[in-house]
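# Notes for the structure review
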Amino acid sequence: MEKNLVLTGMMGVGKSTIGKKLAQKLKLKFVDIDRVIEEKEKNKIKDIFHKKGENYFRKLEKRITIEELKKNKIVLALGGGSIVNSVVRKEVKNKSISFWLDLDTKFLLKRLKNVNKRPLLSQNNLEETVNKIYSDRKKFYNEANYKIKCNSLDIDEIINKILKLYETSKDRI
């Protein structure tokens with residue numbers, strides 16, 4: 001069985017953009033958990049949070065992520081917070097080769113400063129919020145098989161790095 005390729009990391013790091021390109025290069029299907037949730041709920045994530053709450057969203061995210069991880073030959077972009085769930089982490093470890101796309105918060109802040117579709121970022125102090133979320137989640141992101149430090153890399157360099165690591169490890173991990 002060929003293991004799935006999973007991308008994890010903070011919101012705004014580029015999981016969806018990189019995942020689409022990786023899937024094309026590997027000739028695999030790309031799955032973006034956030035998009036799957038929006039399609040199933042017929043609603044934007046921000047609206048799901050607003051109308052039904054974070055607890056509802058996290059349960060839904062867990063169920064959909066586990067369903068998607070059972071599939072084979074996919075490149076999967078996790079939601080930024082899904083890796084916090086221990087069941088999701090266990091499934092990721094069992095079914096895939098995972099990559100933490102890590103980007104310093106100063107770069108994340110530049111990408112996220114004018115974004116209003118992220119429900120956890122609707123507070124006034126963006127820098128404090130992003131730093132807290134990153135600090136709370138990095139121990140979970142760090143459980144990925146590989147960490148890609150994205151600060152000084154362009155998209156193609158990140159993709160090539162992931163491809164090399166994925167190809168050499170998919171039979172060993």
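This text follows the structure it describes.
Below, the structure is looked at part by part. Small disclaimer: the values here were computed from a predicted structure and weren't measured.

Turning our attention to the overall build of the protein. Across its full length, the protein carries 7 helices and 5 strands. Ordered by position in the sequence, the α and β elements of the protein form the string β-α-β-α-α-β-α-β-α-α-β-α. The C-alpha radius of gyration computed for the protein amounts to 15 Å, which stays within 12% of the reference 16 Å derived for 173 residues, consistent with globular compactness. Each principal axis of the C-alpha distribution contributes one length, and for the protein these read about 45 × 35 × 25 Å.

Attention now goes to the nonpolar core. If you look at the biggest cluster of nonpolar residues, it comprises 53 residues, and the most contacted ones within it are L5, L22, F99, L101 and I162. It is helix α3 (residues 45–69) that contributes the most residues to this core, 8 residues altogether. Setting aside anything within four residues of it in sequence, one finds L5 in contact with L22, L26, I74, V75, L76, I97, F99, I162 and Y166.

With that out of the way, let us pick up the sheet that holds strand β4 (residues 96–102). Read from one edge to the other, the open sheet built from 5 strands follows the order β2-β3-β1-β4-β5, with strand pairing classed as parallel. Looking at strand neighbours, the two that pair on one side only are β2 (29–32) and β5 (146–149), the edges of this open sheet. Strand-to-strand twist of the sheet, defined as the mean angle between neighbouring strand axes without regard to direction, takes the value 20°. Pairing analysis gives 4 bridges linking β4 to β5, with the strands arranged parallel. Counterpart to L101 in the pairing with β5 is I148. Contacting β2 and β3 (74–77), helix α2 (residues 33–41) runs over the sheet at an angle of about 70° to β2.

Attention shifts here to helix α1 (residues 15–26). Given a rise of 1.5 Å per residue, 12 residues ought to cover 16 Å, and the 16 Å separating the end C-alpha atoms of α1 matches this to within 8%. All of the buried residues in α1 are K15, I18, G19, L22, A23 and L26. Buried residues of α1 fall within an arc of 135° about the axis and therefore sit on the same side. Each element contacted by the buried residues of α1 is listed here: β1 (4–8), β2, β3, β4 and α7 (155–169). Looking one or two places after α1, you find K27, whose phi comes out positive at around 55°.

Turning our eyes to something else, we now look at helix α6 (residues 126–141). For α6, built from 16 residues, the straight-helix expectation of 22 Å at 1.5 Å per residue is met to within 8% by its first-to-last C-alpha distance of 21 Å. Of all the bends in α6, the greatest, near 30°, is centred on S135. All of the buried residues in α6 are L126, T129, V130, I133, Y134, R137, F140 and Y141. Taken together, the buried residues of α6 touch β1, α3, α4 (86–95), β4 and α5 (105–112).

Glancing now at the packing of α1 against α7. Two numbers describe how α1 lies on α7: the axes approach to 10 Å, and their chain directions differ by 55°. The orientation of α1 with respect to α7, classified from their angle, is oblique. The interaxial crossing formed by α1 with α7 has right-handed handedness. Only I155, I158, I159, I162, L163, Y166 and E167 of α7 make contact with α1, whose side of the interface consists of T17, I18, K21, L22, K25 and L26. Classifying every residue of the contact of α1 with α7 by side-chain character gives 9 nonpolar, 1 polar and 3 charged.

What counts and how
- Residues numbered from 1 in each chain as written.
- Predicted model: local features only at pLDDT ≥ 70, side-chain atom pairs only at ≥ 80, totals over all residues.
- Heavy atoms only, no water.
- Helix = DSSP H or I, 4+ residues; strand = E, 2+ residues; numbered from the N terminus.
- Rg over C-alpha atoms; globule rule 2.2 N^0.38 Å.
- Core = buried A, V, L, I, M, F, W, Y, C linked by side-chain atoms within 4.5 Å.
- Buried < 20%, exposed > 50% of the residue type's maximum accessible area, 1.4 Å probe, protein only.
- Contact = heavy atoms within 4.5 Å.
- Pairing = 2+ DSSP bridges.
- Axes fitted to C-alpha atoms, helices over the stretch in contact; angles between N-to-C directions.
- Expected span 1.5 Å × (residues − 1).
- Arc of directions from axis to C-beta.
- Bend = angle between axes of the 7 residues up to and from the residue.
- Parallel < 35°, antiparallel > 145°, perpendicular 65-115°, else oblique.
- Left-handed = near helix turned anticlockwise from the far one by under 90°.
- Nonpolar A, V, L, I, M, F, W, Y, C, P; charged D, E, K, R; others polar.

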